Structure formats: structure tokens, C-alpha cells
Amino acid sequence: MAVFKRLAIGCLCIWVSFSANAVQVTDELDLGGAVRVNYGWKDYANDSKLEFELFRVDVNYKDDGLFASAQYRWYQDMDVIHHAYAGYSFNEEQSVQIGVTQVPFGLLPYGAHSFWFSANYYLGFEDDYDAGIHWKYDDKNWRFDLAYFFNDEYGDGARYDRYSFDVAITDESPYEESGQLNARIERDITTENTKHKIGASLQYSQLDYLPTTNNQVAGKDTDGYAASFHWQVDWAKWQGQFQYMYYEYDMPDSNRIALSAFAFPFEIASSADVLTLNVSRSIDVDWGPITNLNCYNDFSQVFASGEGLEDSMQNVTGCAITAGKFYSYVDWIAGNNMWFINGPGVGISEGPTEWSSRLNINIGLYF
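All figures in this text were calculated on a predicted structure; none of them were measured in a lab.

Examining the overall build of the protein
Move 1: Of the regular secondary structure elements, the protein holds two helices and 20 strands.
Move 2: Computed over C-alpha atoms, the radius of gyration of the protein comes to 21 Å, within 12% of the 21 Å expected from 2.2 N^0.38 for 367 residues, which places it in the range of a compact globule.
Move 3: In the protein, which comprises 367 residues, the share counted as buried stands at 47%.
Move 4: In the protein, 59% of the contacts between residues at least 6 apart in sequence involve partners at least 24 apart.
Move 5: When the accessible surface of the protein is totalled, it reaches about 17,500 Å², and 58% of it is carbon and sulfur.
Move 6: Each charge class in the protein was averaged separately, 23 positive and 51 negative side chains, and the resulting centres sit 7 Å apart.

Next comes the structure, spelled out in C-alpha cells:
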């Protein structure tokens, strides 16, 4: 009930704000959103159910070089910011944006086709949004990104209610993000039938050590870095994605670090290699209201070695279904030692591991 009370109040505030200025609005201003329900069946738990998953509001603005975008989400157990930024386009190729904006790293906008993204998402390197400034140059042949982020979207590593996976403050690992520099380059090579996007990304991050009275873990301020090579190829109705990434956090006396998202903290290996291999096929159909299927197989593996560490794997097979304003996913996700699929974290070991799987059906109305 509390979720729907906050939802009603939020919608009322948005309606009042826009109605008050409706007669004066001449700029390009769009208001939209989505509502989704979800059914999940797991082979490792007896809790199958159909339930409300998400309501979200999107606001987008553009006029004479200025632009802004924001999205807020209400889930069943939390409400969170997704992104919120303002920017200016100097010309058709060059722009800058400030606020809670997407971190330019790896395959963009994300390195997956499924509802579940790839293992990179759960490590904080995919569809991640932080607070900072982002410059972009894109002339359709080359794209360059340079960004600096002051902190995570909330500036609070002790807040676990969030959409993006960020470094978290826990009793065992009291760290939070305190500065991050990202650089990304991508080359677009297009032939008559094929389009390639080939690029590389770098990230350097600083972490503050924040012990509390309940936390006597030895530590100090530290840092980390990540690098990736990524390639996406589009041919006819097919798309392939490849990414190799290495990341490392310099953790004193530990080979783990804590992250959090969706109200829970968990641990990952402090360093690992990550491989992503995805393929998809778009199929136009005429099945009543259904006009397109995008079927895919997304695979990712985290290679971690060391005491208390072990590889994690995730594979998602499914189809995204387009029917008017409805966009739905039917996914079979299987994982070994993988967070969100019966694993204790990502790249860590808490005893014997086994493959687990779940069927997930997500139906969304986007408006």
C-alpha cells in the first residue's frame, strides 16, 4: 500500500507541475513511462508468483540545444532514481550532460538483449548511472566519451535501495565510491550489408574507507581500475556482441568487495576477467497484435581465482516480443555461482556450487 501511496503522490505532483505551465509550454517536452508485471518460476525455490514489478515515469525535454531527461521508478519494495540529467548540444556531433547519467563503459547502451542483462551489470559495469559530468563526441564514424563522476547516484554507499550496482558500505567492506574517471572510444565501420562497432573503454575509480563504530575492519582509502574491448556487429536481422573486460579493486587484506542494488548488499571478487558473448535474431511476424520477435542467447562468465573465489557463469535464452505499446520478455536464465540465480555473489565461493535456473516472463506497457 505504501508503494501505491507514493506513486499517487508522485503522479499528482508531476501533473500539477506540468498543468501549471501547460499554456506556456512551446518547447519539445515529452512525458511517458511504463508499467510491468512479472511471473517467475525457479527450480531452486517454491515461490512462483505473478506480481507487480515496476511503474516508472519518464520526462524528456529538448529545445535549441538544451536537453534534459529523467526517469523515476517504483518497484514493489522500493522507489529509486534511474537517471536525471541536463545538457547542452554544441552542434550535431558534440554535447555535454551533467547529473545522474550513464557511465560510458563497454557495450552501449548495454551488452545484452535480455531482461537480465549480462554478468557485467551485477559487477557494476553495465547500465550504471552515477552523478557527474559527461562529454560526448559522435560524428557517426567515431564516438568519443570522457566523463568524471563525483560519486554514485545518491552519494551514499550505505543506501542499498538503488537501481545501479555500486560499491556498498557493509560491516565487512566499508567502502563507497568517491570519484571516477571514464574514457571510451568507438569506431563505426559500415559496409553495404554489415555494421561494426569496435571500441575500448577505461575506468579509474577512487574509494573512500568509512569505518563505523560497528565496523573495525582494517583498511584505507583505495582505488580500482577496469578496461574492456568491445565489438558489436549487425548483419541483416542478426546481431552479435563480444566483450572482454578486466577489473581490479586494490583491497587491503581481502580479495572481495561489497556492492548493493535492489535493497541488498552482496560480495564480488575484487578482481576478475569477464567474457561476454551474445547473439540475437530479429523476426518480423504477423500474429495478430504481435509484430516482432527478437530472440537471443546471452552468455557471460566471470573468471576469478584465489582463496574463497570461484568462477561465475550466466546464460539467458529467450525472446523479446513487440505488440503495439506492449514489450515483453520470455527468458530462461541459468547460472552457476551467480547472484540472482541462487548464488552468494559474483566470483566468490561459499561452498559447493551447482547450476540453477528460472523461467521469467515480464509483460510491460510502455507509453
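Topic: a nonpolar patch on the surface
Move 1: Together, Ile98, Ile133, Trp135, Trp142, Phe144, Leu146, Tyr148, Phe150, Leu181, Ile185, Tyr204 and Tyr225 make up an exposed nonpolar region whose accessible area comes to about 1,100 Å².
Move 2: Put simply, the parts of the chain that give the nonpolar patch at least two residues each are strand E6 (129-138), strand E7 (142-152) and strand E9 (175-190).
Move 3: Here the nonpolar patch takes five residues from E7, the largest share from any one element.
Move 4: Position of phenylalanine 150 relative to the elements: it lies in strand E7.

Side note on the side chain of glutamine 241
Move 1: With respect to the helices, strands and loops of the structure, glutamine 241 is situated in strand E12 (residues 238-249).
Move 2: Relative accessible area serves as the criterion here: at 4%, glutamine 241 is assigned to the buried category.
Move 3: Of the polar contacts made by the side chain of glutamine 241, one reaches the backbone nitrogen of alanine 112; its length is 3.3 Å.
Move 4: Sequence-distant contacts of glutamine 241, defined by excluding residues within four places in its chain, comprise Leu107, Tyr110, Gly111, Ala112, His113, Trp231, Gln232, Thr276, Leu277 and Asn278.

Things to note about the nonpolar core
Move 1: In terms of nonpolar packing, the biggest core is built from 53 residues, with Tyr122, Leu123, Phe125, Tyr247, Tyr249, Ile268 and Val346 touching the most fellow members.
Move 2: Not counting residues within four places of it along the chain, the set of residues in contact with phenylalanine 125 comprises Phe105, Asn120, Gln203, Ala226, Met245, Tyr247 and Tyr249.

Side note on the packing of aromatic side chains
Move 1: Applying the stated criterion across every chain, the model contains 35 aromatic pairs.
Move 2: Here tyrosine 175 and tyrosine 209 contribute two aromatic rings whose centre-to-centre distance is 5.5 Å and whose plane-to-plane angle is 45°, an arrangement assigned as tilted. Remark: tyrosine 209 occurs in strand E10 (residues 194-209) and tyrosine 175 occurs in strand E9; sequence separation between them is 34 residues.
Move 3: Using a relative accessible area of 3% as the deciding quantity, one classes tyrosine 175 as buried.
Move 4: Residue classification places tyrosine 209 among the buried positions, given a relative accessible area of 17%.
Move 5: Its guanidinium or amino end placed over the ring of tyrosine 163, arginine 73 lies 4.7 Å from that ring's centre, counting from NZ or CZ.

Side note on the state of the cysteines
Move 1: For the coordinates displayed, the defined rule picks out one disulfide.
Move 2: Bridging cysteine 295 to cysteine 319, the disulfide has an S-S length of 2.1 Å. On the sign convention where negative means left-handed, the S-S torsion of about 100° between cysteine 295 and cysteine 319 marks this disulfide as right-handed. Taken together, the positions of cysteine 295 in strand E16 (residues 290-303) and cysteine 319 in strand E17 (residues 312-323) put the pair 24 residues apart, joining distant regions of the chain.

Definitions and cut-offs
Residues numbered from 1 in each chain as written. Predicted model: local features only at pLDDT ≥ 70, side-chain atom pairs only at ≥ 80, totals over all residues. Heavy atoms only, no water. Helix = DSSP H or I, 4+ residues; strand = E, 2+ residues; numbered from the N terminus. Rg over C-alpha atoms; globule rule 2.2 N^0.38 Å. Buried < 20%, exposed > 50% of the residue type's maximum accessible area, 1.4 Å probe, protein only. Contact = heavy atoms within 4.5 Å. Areas by Shrake-Rupley, 256 points an atom, 1.4 Å probe, with all protein chains shown as cover. Lys, Arg positive; Asp, Glu negative; His and termini not counted. Charge placed at Lys NZ, Arg CZ, Asp CG, Glu CD. Patch = residues over 30% accessible without salt bridge, like charges linked within 9 Å, V, L, I, M, F, W, Y side chains within 5 Å. Salt bridge = Lys/Arg side-chain N within 4 Å of Asp/Glu carboxyl O. Polar contact = N/O pair within 3.5 Å; in protein donor to acceptor, adjacent residues only side chain to side chain. Core = buried A, V, L, I, M, F, W, Y, C linked by side-chain atoms within 4.5 Å. Phe/Tyr/Trp six-rings, centres within 6.5 Å; stacked < 30°, edge-to-face > 60°. Lys NZ or Arg CZ within 6 Å of the ring centre and 35° of its normal. Disulfide = S-S within 2.5 Å.

Nothing here speaks to function; it is geometry throughout.
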